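# Fold and contact review
Chain residues, written in single-letter form:
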There are 2 protein chains.
Amino acid sequence: MTKKQVRLAVVGGNRGFGYSKSCELLSDIVEVNAICDLNEAVFAKWKQTFPNIRTFTSFEKLLDDPDIDAVLLATPMQVHAAQAVQAMKAGKHVLCEVASAMTIEESWELVETVEQTGAVYMLAENFCYTRSAMMIRHMAESGVFGELTHAECGYVHDVRTATHDAQGNIKWRGEMMRDFNGNNYPTHSLGPVSQWLGINRSDSFDYMTTIVSKPASQSDYFSEIFGPDHPGSKPEFWKQGDSCLSLIRTKQGAVIYLRNDFSSPRPFNYLYYGLQGTKGSYLSGRDIQEEPLVWLDGRSPGKSYLGNAVWSKLSEYAGEFEHPWWKSESDRANAVSASRFGDYFVMKEFSSAIIQNRSPDFDVYDSVAVSCVLPLSVQSAARGGYPASFPDFAKNKRNSVRAQPETGGENG
Amino acid sequence: MTKKQVRLAVVGGNRGFGYSKSCELLSDIVEVNAICDLNEAVFAKWKQTFPNIRTFTSFEKLLDDPDIDAVLLATPMQVHAAQAVQAMKAGKHVLCEVASAMTIEESWELVETVEQTGAVYMLAENFCYTRSAMMIRHMAESGVFGELTHAECGYVHDVRTATHDAQGNIKWRGEMMRDFNGNNYPTHSLGPVSQWLGINRSDSFDYMTTIVSKPASQSDYFSEIFGPDHPGSKPEFWKQGDSCLSLIRTKQGAVIYLRNDFSSPRPFNYLYYGLQGTKGSYLSGRDIQEEPLVWLDGRSPGKSYLGNAVWSKLSEYAGEFEHPWWKSESDRANAVSASRFGDYFVMKEFSSAIIQNRSPDFDVYDSVAVSCVLPLSVQSAARGGYPASFPDFAKNKRNSVRAQPETGGENG
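Here the structure is a predicted model, which is why all the values come from computation and not from measurement.

### Points about the interface of chain B and chain A
- Contact with chain B, which involves 67 residues of that partner, is made by 67 residues of chain A.
- For the chain B and chain A pair, buried surface summed over both sides reaches about 5500 Å², with 58% attributable to carbon and sulfur atoms.
- Three residues, B:Lys214, B:Arg286 and B:Tyr305, lead the burial of chain B against chain A; their summed loss comes to 15% of the area buried on that side.
- Linking chain B with chain A are 10 salt bridges, by the criterion used here.
- Between B:Lys214 and A:Glu147 there is a salt bridge whose closest N-O contact spans 3.0 Å.
- Here chain B and chain A share 30 residue pairs in polar contact (both at pLDDT 80 or more) between them.
- Elements with a minimum of two residues in the side of chain B that touches chain A: strand E7 (148–156), strand E8 (205–212), helix H10 (217–226), strand E9 (243–250), strand E10 (255–261), strand E11 (269–277), strand E12 (280–283) and strand E13 (293–296) of chain B.
- Of all the elements, E9(B) adds the most residues to the side of chain B that touches chain A, at six residues.
- The residue makeup of the side of chain B that touches chain A, split by class, is 27 nonpolar, 22 polar and 18 charged.

### Quick notes on the UniProt feature "domain: Gfo/Idh/MocA-like oxidoreductase N-terminal" (unreviewed entry) in chain A
- Feature annotation in UniProt assigns "domain: Gfo/Idh/MocA-like oxidoreductase N-terminal" (unreviewed entry) to the following positions: residues 7–123 of chain A.
- Within the segment residues 7–123 of chain A, helix and strand shares are 40% and 22% respectively, and the terminal C-alpha atoms sit 18 Å apart.

### Observations regarding unusual backbone geometry
- Along the chain, A:Val98 connects to A:Ala99 via a cis peptide bond; the corresponding omega equals -10°.
- Counting through the fold element by element, A:Ala99 comes out in the loop between strand E5 (93–96) and helix H6 (104–117).
- Phi at A:Asn357 takes a positive value of approximately 50°, unusual for a residue other than glycine.
- Relative to the elements of secondary structure, A:Asn357 occurs in the loop between helix H13 (343–355) and helix H14 (364–371).
- Owing to a relative accessible area of 51%, A:Asn357 belongs among the exposed residues under this scheme.
- Notably, B:Asn200 is not glycine yet its phi reads approximately 70°, a positive angle.
- The residue B:Asn200 is located in the loop between helix H9 (187–196) and E8 in this model.
- On the accessibility criterion, B:Asn200 (15% relative accessible area) is buried.

Rules used throughout
Residues numbered from 1 in each chain as written. Chains lettered and ligands numbered in written order. Predicted model: local features only at pLDDT ≥ 70, side-chain atom pairs only at ≥ 80, totals over all residues. Heavy atoms only, no water. Contact = heavy atoms within 4.5 Å. Buried area = accessible area lost by both parts, 1.4 Å probe. Salt bridge = Lys/Arg side-chain N within 4 Å of Asp/Glu carboxyl O. Polar contact = N/O pair within 3.5 Å; in protein donor to acceptor, adjacent residues only side chain to side chain. Helix = DSSP H or I, 4+ residues; strand = E, 2+ residues; numbered from the N terminus. Nonpolar A, V, L, I, M, F, W, Y, C, P; charged D, E, K, R; others polar. UniProt positions renumbered as here; feature names shortened; annotations may be inferred. Buried < 20%, exposed > 50% of the residue type's maximum accessible area, 1.4 Å probe, protein only.

Below, the structure is given as C-alpha cells:
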C-alpha cells in the first residue's frame, strides 16, 4: 500500500463513535469513509462530524466496496470473529473492539486468516495505551523492575445497569451474564500485563486455572429495581458468578492473578494492575482515582530487605520513564483519552501499520492470546479449577520475517 | 477444671518471649510456670520477668511435670504437630504458634488427638485478633457486607535477611525456601479470612489450586550479600518461587485469592486483605501503613451501580463496628499489639477456654483448615495447578455438643 490515508469504515455506529475524535485528529492518515449500522438513526451524528461519509446497512455490501481499505468492528462481542474473518477475506484490514473471539476455534481462524490474507489485524485494546500503562511498559522494557515474576490485574466494574433496558429486558451484556460462567472480559486487564511481560516477544502464556463465585449481586439488583417477580431476581437465572478469579503461568515462569467482577457493589476499579520483579514493584490505586505507586530498588526510598522500602507515586518517575509516544503526543492523546483511554494511539498504530505494511503493535497473536481466556476460563471453572493450556497460536509468528512495530519510538 | 489460673509452660524461649507481656497482663488467669529451651542462655530474660519460673531443657521431662496445665509451642514450624500431639497425650492443653502442621497426616492426627483427649488446642493465629481484623469480622457477622462472595489476602514480606546467619549458613526459614515450593506460611492471611467467611461455622473450604513463579529474588539477594560463589546465589538452589498464588473455593460458593511472597523487593504488605459481599466491600492498604478502606451500601457515599460509590476509611466505622473485645480492652491489647498484633486476645482466649472447659475461638478444626494449605499448595503447584480438595477435618465437630466460644461478647 503506497497511499498515505487509510479509508476506514466503522461498523457499529454507536460504540464506534468513541473513535470519531481520534479519527479527526488523525485525518492525515485516516479518513472515515463509511459507516455501517442496522439502525439508520445513528447516521446523523456521523454526518455532522464527517459530511462526506457514506452509509451502509448491509455489512456484505460494505465489504464489496472497493473504496474501503479497513473496517473498525464496534459490534457486539459475539460476532467479532466471524465479521473479522469475513472482512479480511474480502481484502479489508481489521481493527476489532474487544474481545477478538469467543472460542478457541474462532481464534485459530483469525490467526490463519491473517496469515493467509496478509491483512493487518489489530485489537482495539485501548487500555494498553493509557499513559500509566505505557509508562510501566517503558519501565519494564528498560529493565528497572528486574526479572519479572508476578503481575496482578482485574476489571472490577459494576455494570449491572447496562445488562437491561428500562423495561427490564436483557441486553447483550446481560445475555453474557445469563449464559456464561467465566471471565467474559479479560482483555482490558490482561492486555497491558501481556505487553509488560513480553508475551509473544520474550515469553508466552503456558496454562491457567479459574474459579468463580456463586452468582448473588446480579439477582439482588434485579430484585431491587424490578421487584422479586422478575426472572432475573433469582440467582439461578444467572450463570455468571460475581467474582471470576484466574491464575496464569507463563512459559518463563511468571505468574498472573486476574479478576473479573461485573456486579459486586463497590467503588469501581477497572484499572487494577500490579507488577513485581526482582528489582521493583508497581501497584495501581484501589479505585480509578487513587494514585498508582511504584518502588524501584536503588531509586526509590529504602531497601526492601532492610524493611524500610517506601512507595513513590508513579507520577514522580514520569520525567524519566514517560513512554515516547506520550512524551511526543500527550496533548492529542489527552484530547481523546479523558474518557476513552488510549484510543488515539490505537487508531494511529492501526493506520500506520497499514500504511507502512507492517504488523501492528497489538497484532492477531497478541489479540487471541488475551481473548482466549474467555473460553479457557469457562472450561477451567466448569471443571472445578482444572488447568487449561493455552494453544500455541503464535507458532508461525516465531518463523515470520514480517516487519515488527517499534514501540520504543515513534509509530507515525 | 475448676481452678482460676492456667499454669503455662513456654516451649521455645526466644520466639515465645513475645507472649510474656500478654501473660503479665493476664496474670489473673495465666501463670508462666516453666520455660523449656535447648539453649539455657534464653532463661535469664524469663527469670527477670517471672522470678519463680522453672526451667527445662527436656520437652519430655516438662510433659511429665504434673504442675503444668498447658504448653505454648513456639518452636520451629516443622516440629509443631508432633510436639502438640505428644503434649496432649501427656494431658496438657496446647497453644501452638503457626502453622499447626506440615502434612495432611499430621493434621488428622491433631484432630483425632483433640477428640480423644478432650484437650484445648488453639492456634496462636494472632492476625485474627488485630483491631481491624476483628472489626471486619464484627461487620461481616452483623451482615453489613451482605452475602459474601470474594476475599483476597496475602503475606508479602521480604524476609530474606532471616534465611541465613552472618556467615551465610541457611537457617530454618531458608531451609523452607530451599526445600519447599508452595505457600509455606498461609495462616496469617487465611486465618482472618476464614473467620470472616464463617469457615467451620456456616461454610467450609472445598478445593484450591496453586501456581508458583520461578525462584529469582532469593538468589539475587544471596549474590548481592555473599557473592556469586555462594550456593544460594544460584536460582536452582531454591525450590520456592518468589510468588505463590492460590485460589480457594468454599462449599457455599465464595472464592478466595491468596498470595505468599517472602522474597520480592517492595514495601511490605503482610496485612493484605479484602472482602466483598453483595452489600459492601473492604480493602486493606497497599502497605502496612496505608489506611484500610470500606464501602457499605446505604451507609457509605454513593451508589455502586450508579457509578458514584466512594470509599470511606475503615476507622470511620469504629464507633459502630468496633469488636466488643477491642471496645472493652483496647488499652491492654494495644499495650501488647503494637509489635505483636492480637497476642493479648490469643492468650486470653486460650486461657479462658481451659478455665471454662470449652472450645477456643480458633480451635483445632479452624487451625488445620488454614494450615493444610501448606501441603495442598505444594501438591497443586507440583501438578501444574491441578485442584486439590480440602479434607473434611471438621466432620466430627458438626456432631459435637461441646460448648462453643462466644466472640460476640466477652471472652474472659
